[in-house]
Amino acid sequence: MTPHPMDTLRRALDLCRQPARFWLRDDDATAPTPALDQLLNLTRRHHIPCTLAVIPAFSGEALAATLRPHTHISVAVHGWSHHSHAGPAEKNCELGPHRPPATVLAELARGFAHLKALHGPQFTPVLVPPWNRIDAGLLPGLRALGFTALSVFGPESPSPIRQINTHVDLIDWRGTRHTKPAAQLVAEIIARLPHGPMGFLTHHLVHDTAGWDFLAQLFTATADHPGCQWQPLTALIAPENQASP
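Residues numbered from 1 in each chain as written. Predicted model: local features only at pLDDT ≥ 70, side-chain atom pairs only at ≥ 80, totals over all residues. Heavy atoms only, no water.

> Could you give me a rundown of the layout of surface pockets, with the residues and numbers involved?
As a volume, the largest pocket reaches approximately 790 Å³. Sorting the residues of the lining of the largest pocket by element identifies strand S1 (20–29) and helix H6 (182–192) as the ones contributing at least two each. Of the residues assigned to the lining of the largest pocket, the class counts are nine nonpolar, seven polar and 10 charged. What the second largest pocket holds in volume is close to 290 Å³. What lines the second largest pocket is a set of 15 residues, and nearest its centre among them are Cys16, Gln18, Pro19, Ala20 and Leu193. Looking at the lining of the second largest pocket residue by residue, the classes come out as nine nonpolar, four polar and two charged. (1 Å grid on protein atoms, 1.4 Å probe; cavity = no way out; pocket = protein on both sides within 12 Å on 5 of 7 lines; lining within 4 Å. Points joined across faces, edges and corners; volume = space filled by probe spheres on them. Helix = DSSP H or I, 4+ residues; strand = E, 2+ residues; numbered from the N terminus. Nonpolar A, V, L, I, M, F, W, Y, C, P; charged D, E, K, R; others polar.)

Structure below.
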C-alpha cells in the first residue's frame, strides 16, 4: 500500500538532525475576501506565521484593519501594481529592464512607504517581485529604499541584498494551473530539507478545494512535529548572514 504523503513527510522530518525551518508566503493580497479569511483562520488555528505579499497600489485601510488582529501575519511589498511592462513575446515582469531604473525604484519607494504607514508593526521591509522576476540592475538600489531582503522563487543566489526565497509552490502554474498532487508537493518539500529553510508559496485567491485540503494536512502534520519549525520571515533574516552591498 502506498503511504500517505503526510506519513512520508513525517518520516523525513523524523530523520532531521535539527529541526527543519519552514516559512509561508502568500502572494497578491489587496483587500479582504472570503479566501483571505480562510487563509487567516487556517494559519491562526495551526499557529503558522505567514507573510502576505501585498500589492500596494490596490490596497488600503480595509486590508490593514482585517489583518491587525492577526499577529501571526506580516506584510511584504509585492512590487507596486503587479502590472507587466514586458513585451508581448516576453514573460510577465513589472520590475524588469523595460523602464528607467529610477522610475521603477520610485514606484517601489512609494509602495514601501504606503504599506509601512498602513500596517505598522506588521510591515516587513522585504520586496517580493511580481511573477518572482526582477532585473539584477535594480538590486543594488533596494537597500537605499529601506528593504532588508528580497524574496523570489527558487534557490537563493549571490546578491547585493539578502535573499529569503520560496522553493515549493502549491500551484502548478506551468501545467494544470491547479493544485499539484500531494505526493509531488511532499517530494518537493523533502528535496529542499538538506538545503536550508523551505519557503512554501501560496496564492489564496486561486486556491481550489484540493489546495486548502493540502494546506490543512500539511499544517496538521508539521505544526507540532519536533523535526520542523514554522518561522516568521523576520526570524530568517539574520543580519550576520546578509550579503554586503
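> How would you sum up the packing of aromatic side chains? Please name residues and give values.
Following the criterion strictly, the structure yields five aromatic pairs and no others. With 5.3 Å between their ring centres and 85° between their planes, Phe22 and Trp230 make a pair best called edge-to-face. With Phe22 in strand S1 and Trp230 in strand S9 (residues 228–230), the pair connects residues that are 208 residues apart, well separated along the chain. Judged by its relative accessible area of 0%, Phe22 falls in the buried class. Exposure remark for Trp230: the relative accessible area of 10% places this residue in the buried category. On the numbers, 5.0 Å between centres and 80° between planes, the contact of Phe112 with Phe123 is edge-to-face. Of the two residues, Phe112 is situated in helix H4 (residues 101–119) and Phe123 in strand S4 (residues 123–127); the sequence distance between them amounts to 11 residues. For the pair Phe112 and Phe123, one class covers both residues: buried. Members of the aromatic cluster, each reached through a chain of ring pairs, are Phe22, Phe219 and Trp230. (Phe/Tyr/Trp six-rings, centres within 6.5 Å; stacked < 30°, edge-to-face > 60°. Buried < 20%, exposed > 50% of the residue type's maximum accessible area, 1.4 Å probe, protein only.)

> Could you give an account of the pairing of strand S2 (residues 50–54), with specific residues and numbers?
With five of five residues buried, S2 lies mostly within the body of the structure. Residue alternation in S2 divides its side chains into two sets, Cys50, Leu52 and Val54 and Thr51 and Ala53, and both sets are buried. Taken together, the five bridges between S1 and S2 define a ladder with parallel strand orientation. Note on S2: the bridge partner recorded for Leu24 is Cys50. Taken together, S1, helix H2 (residues 34–45) and S2 constitute a β-α-β crossover, and its handedness is right-handed. Of the strand pairs in this sheet, S2 and strand S3 (residues 73–77) are connected by five bridges, and their pairing is parallel. Note that in S3 the partner of Cys50 across the bridge is Ile73. (Pairing = 2+ DSSP bridges. Right-handed = clockwise from strand over helix to strand, strands pointing away.)

> Requested: an account of the side chain of Thr166, with residues and values cited.
With respect to the helices and strands, the residue Thr166 is situated in the loop between strand S6 (162–163) and strand S7 (168–169). At 3.5 Å, the side chain of Thr166 forms a polar contact with the side chain of Arg25. Beyond its immediate chain neighbours, meaning those up to four positions away, Thr166 contacts Trp23, Arg25, Ser151, Val152, Phe153, Gly154, Gly199, Phe200 and Leu201. (Polar contact = N/O pair within 3.5 Å; in protein donor to acceptor, adjacent residues only side chain to side chain. Contact = heavy atoms within 4.5 Å.)

> Could you give an account of the pattern of salt bridges, naming the residues involved and the relevant values?
Inspection of every chain in the model, using the stated rule, returns six salt bridges. When the shortest N-O distance is used, the salt bridge between Arg10 and Asp7 registers 2.4 Å. Separated by three residues within a single helix, Arg10 and Asp7 lie in helix H1 (residues 5–14), roughly one turn from each other. Note on Arg10: relative accessible area 30%, which makes it partly exposed. For Glu61, the salt bridge identified is with Arg68, shortest N-O distance 2.7 Å. (Salt bridge = Lys/Arg side-chain N within 4 Å of Asp/Glu carboxyl O.)

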